Amino acid sequence: MMTFADYKAQVFNDAREAIREAAARIDDWSRMYDELFVDDGVTGNASGSHTFSRAAALENVRGLLGDAEFAAEADGQGYGLDVFGLDPEGLDVTARCIALACVSRELEGVYEAERTPEAE
């Protein structure tokens, strides 16, 4: 079971790894963000599943029920409360996409650090 805080932490860590692997070939933050948004290892948005397991997704999203921070972010990002009517994998992916938007500023800093050559 994951709270929205857990989602944000997991998405941040997964995205940080994806950035480390791709920053050398992607020269613009908006393109990098778009890549992260559809990366199955970060959000699951490309395939519609991050876990590739309905049972695992169901276990993950149980913590979102009653999570006021998640409900407010979903509503604020235009998903509305209808998000809770999604199937478990859909809700899991949507929560990861919302979490990505929440941590994008910090991830942009990670991206910039990866793109900046270290001083010798």
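Refer to the structure printed above.
What counts as what
Residues numbered from 1 in each chain as written. Predicted model: local features only at pLDDT ≥ 70, side-chain atom pairs only at ≥ 80, totals over all residues. Heavy atoms only, no water. Phe/Tyr/Trp six-rings, centres within 6.5 Å; stacked < 30°, edge-to-face > 60°. Helix = DSSP H or I, 4+ residues; strand = E, 2+ residues; numbered from the N terminus. Buried < 20%, exposed > 50% of the residue type's maximum accessible area, 1.4 Å probe, protein only. Disulfide = S-S within 2.5 Å. Core = buried A, V, L, I, M, F, W, Y, C linked by side-chain atoms within 4.5 Å. Contact = heavy atoms within 4.5 Å. Salt bridge = Lys/Arg side-chain N within 4 Å of Asp/Glu carboxyl O. Arc of directions from axis to C-beta.

Student: Mind showing me how you'd approach the packing of aromatic side chains here?
Tutor: The relation between two aromatic rings is expressed through the spacing of the ring centres and the mutual angle of the planes. Throughout the structure, instances matching the rule amount to 5 aromatic pairs. With a centroid separation of 5.6 Å and an interplanar angle of 50 degrees, the aromatic rings of Trp29 and Tyr111 are classed as tilted. Pair noted here: Trp29 is in helix H2 (residues 29-38) and Tyr111 is in helix H5 (residues 88-115), with a separation of 82 residues, a long-range link. Across the pair, exposure class does not vary: Trp29 and Tyr111 are buried alike. Seen from their ring centres, Tyr33 and Phe37 are 6.4 Å apart, and the 25 degrees between their planes marks the pair as stacked. Linking Tyr33 with Phe37, this pair stays in helix H2, spanning 4 residues, or about one helical turn. Taking the relative accessible area as the measure of exposure, Tyr33 reaches 18% and is therefore buried. Each residue in the set Trp29, Tyr33, Phe37 and Tyr111 is aromatic and connected to the rest through ring pairs, giving one cluster.

Student: Is there a simple way to think about the state of the cysteines in this case?
Tutor: The term disulfide refers to a covalent linkage connecting the sulfur atoms of a pair of cysteines. Tallied over the full model, the rule gives 0 disulfides. Between Cys97, a free cysteine, and Cys102, which holds the nearest cysteine sulfur, the sulfur-to-sulfur gap is 11 Å. Judged by relative accessible area, which is 3%, Cys97 ranks as buried.

Student: Help me understand the nonpolar core in this model?
Tutor: In this structure, Ile19, Leu36 and Phe70 are the most contacted members of the largest nonpolar core, which totals 30 residues. Those elements that place two or more of their residues in this core are helix H1 (4-22), H2, helix H4 (68-76) and H5. Here this core gets 9 residues from one element, more than from any other, and that element is H5. Residue contacts for Ile19: discarding those within four places in its chain leaves Trp29, Met32, Leu36, Leu107, Val110, Tyr111 and Glu114.

Student: Would you take a moment to explain the side chain of Asp92 for this structure?
Tutor: The residue Asp92 is located in helix H5 in this model. Take Asp92: its relative accessible area is 0%, and that puts it in the buried class. Filtering out sequence-adjacent residues up to four positions away, Asp92 remains in contact with Tyr7, His50, Thr51, Ala57, Asn60 and Val61.

Student: I keep staring at the pattern of salt bridges and nothing clicks. Help me out?
Tutor: Side-chain pairs of opposite charge can arise where the charged atoms are in close proximity. Following the criterion strictly, the structure yields 6 salt bridges and no others. Between Lys8 and Glu69 there is a salt bridge, and its shortest N-O distance comes to 2.4 Å. In this pair, Lys8 sits in helix H1 while Glu69 sits in helix H4, placing the two residues 61 residues apart along the sequence. Sharing partners across several salt bridges, the network here consists of Glu17, Arg20 and Glu114.

Student: What am I meant to see in H2 here?
Tutor: Of all the residues in H2, the buried ones are Trp29, Met32, Tyr33 and Leu36. Looking straight down H2, one finds that the buried residues subtend no more than 100 degrees of arc, so they occupy a single side. Lining the buried residues of H2 we find H1 and H5.

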